[in-house]
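What follows is each chain in one-letter form.
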Amino acid sequence: MNTRQLNTVWAILLVATLATWTIGEVGKHLGIAGPPAMLTLLAISFVKGRLVVLDFMGLRGVKFFWRGLLIGWLLLVSALIATAYWIALT
Amino acid sequence: MDPASVPAPASPGPATAPPGDLAIWFFILAELLAFGVFFAAYAFARALNVALFDTMQQTLDRQAGALNTVLLISGSACVARAVEAVGRARSATGARWLLGGVACGAGFLVVKGIEYAAKFEAGINLSTNTFYMFYLSLTFFHFMHVILGMVILVALWVKTRQGAYGPADMNGIESGAAYWHMVDLVWIVLFPLVYVMR
């Protein structure tokens with residue numbers, strides 16, 4: 001990772017945080033509420049978490065095993081949160 | 001020297017081990033497991049009491065939560081820049097970036113402290129209700145990790161200033177950095193889950 005790539009990742013993370021905050025503040029008025037909002041928030045946090053794992057933690061060039069463990073954690077946690085959310089709806 | 005006798009550089013296949021010490025990665029995995037269980041417990045507790053959780057979530061300071069996300073992400077970016085600089089033998093630059101990481105961490109603690117103070121002033125504690133039991137214990141568990149992360153960053157800063165790390169000796173700084181990024185990673189899930197999702 002060179003400095004330009006690291007800065008790009010930083011910028012993407014900031015924009016993604018702004019998106020999460022926006023959904024919290026005015027999501028309802030934008031028509032993003034309920035399950036679509038939940039799925040969007042999970043997708044945003046997955047994208048952010050994946051970038052932190054690959055580029056900040058430096059696992060991008062490392063054997064799949066290690067990337068798989070951390071990105072697998074993100075996927076598992078997201079799936080559990082989505083399942084609990086779905087149970088709450090029914 | 002006959003160019004043909006120079007061995008071709010080995011193809012840069014994927015590194016077998018992650019950056020830093022292998023031990024820190026087992027520690028990170030254990031931490032992620034603990035936070036993962038905590039997140040799932042929160043989500044399923046909410047499923048049992050949606051009305052309470054959604055009402056109580058509205059009493060949280062979402063601006064403070066978002067600001068803290070920005071601080072942790074920026075702190076993580078600073079530390080990634082520090083590792084990059086030390087990897088190019090620029091210890092002084094690396095030390096400055098580490099200080100930036102410490103400053104972001106300190107900012108996080110101040111913002112979270114203000115948030116906690118407001119909640120305690122409102123008479124909120126662990127036994128207020130299930131939502132606040134989760135909010136306080138989950139965020140405080142993370143808060144303690146930020147403090148440990150800052151202790152690690154300060155130690156890295158001291159050693160980096162002394163020039164203890166360099167392109168040939170990245171193990172220490174990469175290990176500490178990985179821990180700090182883990183603290184950021186956990187908050188990236190915590191913020192939308194606890195402050196925004198409803």
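Residues numbered from 1 in each chain as written. Chains lettered and ligands numbered in written order. Predicted model: local features only at pLDDT ≥ 70, side-chain atom pairs only at ≥ 80, totals over all residues. Heavy atoms only, no water.

Let's talk about helix H2 (residues 50–57) of chain B
All names here are of chain B. Where we set the bar: Working definition: with a 1.4 Å probe on protein chains only, accessible area under 20% of the residue-type maximum means buried, over 50% means exposed, and in between means partly exposed. What counts as a helix is a DSSP run of H or I of at least four residues, what counts as a strand is a run of E of at least two, and both are numbered from the N terminus. Note that the arc is defined by the directions from the helix axis to the C-beta atoms. Working rule for contacts: check all heavy atoms of both residues, and any pair within 4.5 Å makes them a contact.
When we look at burial in H2, the residues that qualify are Phe53, Asp54, Met56 and Gln57. Viewed end-on, H2 has its buried residues packed into an arc of 170°, placing them on one side of the element. Residues of H2 that are buried make contact with helix H1 (22–48), helix H5 (130–161) and helix H6 (171–196).

Structural notes on unusual backbone geometry
All names here are of chain B. Residue Ala89 is not a glycine yet carries a positive backbone phi of 65°. Structurally, the position occupied by Ala89 is in the loop between helix H3 (62–87) and helix H4 (91–121). With relative accessibility at 51%, the residue Ala89 sits in the exposed group.

Here's the deal with the interface of chain B and chain A
The test is simple: Defined here as a combined quantity, buried area equals the accessible surface (1.4 Å probe) lost by two parts on assembly, summed across both. Definition used for salt bridges: Asp or Glu carboxyl oxygen within 4 Å of a side-chain nitrogen of Lys or Arg. Distance and chemistry together define a polar contact, namely a pair of N or O atoms within 3.5 Å, with one atom able to donate a hydrogen and the other to accept it when in protein, and with adjacent residues in sequence counting only for side-chain atoms on both sides. Residues were grouped as follows: Ala, Val, Leu, Ile, Met, Phe, Trp, Tyr, Cys and Pro as nonpolar; Asp, Glu, Lys and Arg as charged; and all remaining residues, including Gly, as polar.
At the junction of the two partners, chain B supplies 47 residues and chain A supplies 43 residues. Between chain B and chain A, roughly 3900 Å² of surface is buried when both sides are summed, and carbon and sulfur atoms account for 79% of that area. Linking chain B with chain A are 1 salt bridge. Measuring nitrogen to oxygen at the nearest pair gives 2.9 Å for the salt bridge that ties Arg62 of chain B to Glu25 of chain A. Applying the counting criterion to the chain B and chain A interface returns 11 residue pairs in polar contact (both at pLDDT 80 or more). Put simply, the parts of the chain that give the side of chain B that touches chain A at least two residues each are H1, H3 and H6 of chain B. A total of 13 residues in the side of chain B that touches chain A trace back to one element, the largest contributor, which is H1 of chain B. For the side of chain B that touches chain A, a count of residues per class yields 33 nonpolar, 7 polar and 7 charged.

Things to note about the pattern of salt bridges
It is possible for side chains of opposite charge to pair when their charged atoms get near one another. Residues and elements named next belong to chain B. Throughout the structure, instances matching the rule amount to 5 salt bridges over all chains. Here Arg46 makes a salt bridge to Asp54, at a shortest N to O gap of 3.2 Å. An identical accessibility class is assigned to Arg46 and Asp54; each is buried.

Re the packing of aromatic side chains
Residue and element names in this part refer to chain B. Convention followed: Working definition: rings of Phe, Tyr and Trp (its six-membered ring) pair if their centres are within 6.5 Å, and the pair is stacked with planes under 30 degrees apart, edge-to-face with planes over 60 apart, and tilted otherwise.
In total, this model carries 23 aromatic pairs over all chains according to the counting rule given. Plain terms: the ring middles of Phe140 and Phe143 are 5.8 Å apart, the flat faces sit at 15° to each other, and that makes the pair stacked. Separated by 3 residues within a single helix, Phe140 and Phe143 lie in helix H5, roughly one turn from each other. With relative accessibility at 12%, the residue Phe143 sits in the buried group. Joined through ring pairs, the aromatic side chains of Tyr42, Phe53, Phe108, Phe131, Tyr132, Phe134, Tyr135, Trp187, Phe191 and Tyr195 make up one cluster.

Considering the nonpolar core
Here is a general trend for soluble globular proteins: nonpolar side chains tend to be buried in one another's company. Here is the rule we go by: In these notes, a set of buried Ala, Val, Leu, Ile, Met, Phe, Trp, Tyr and Cys residues joined through side-chain atoms within 4.5 Å is what counts as a nonpolar core.
Of all hydrophobic cores here, the largest spans 87 residues; its most connected members are Phe39 and Val194 of chain B. At 18 residues, the largest contribution of residues to this core is made by H6 of chain B. Residues contacting Phe39 of chain B, with those up to four places away along its chain left out, are Trp73 and Val77 of chain A together with Leu138, Val186, Val189, Leu190 and Leu193 of chain B.

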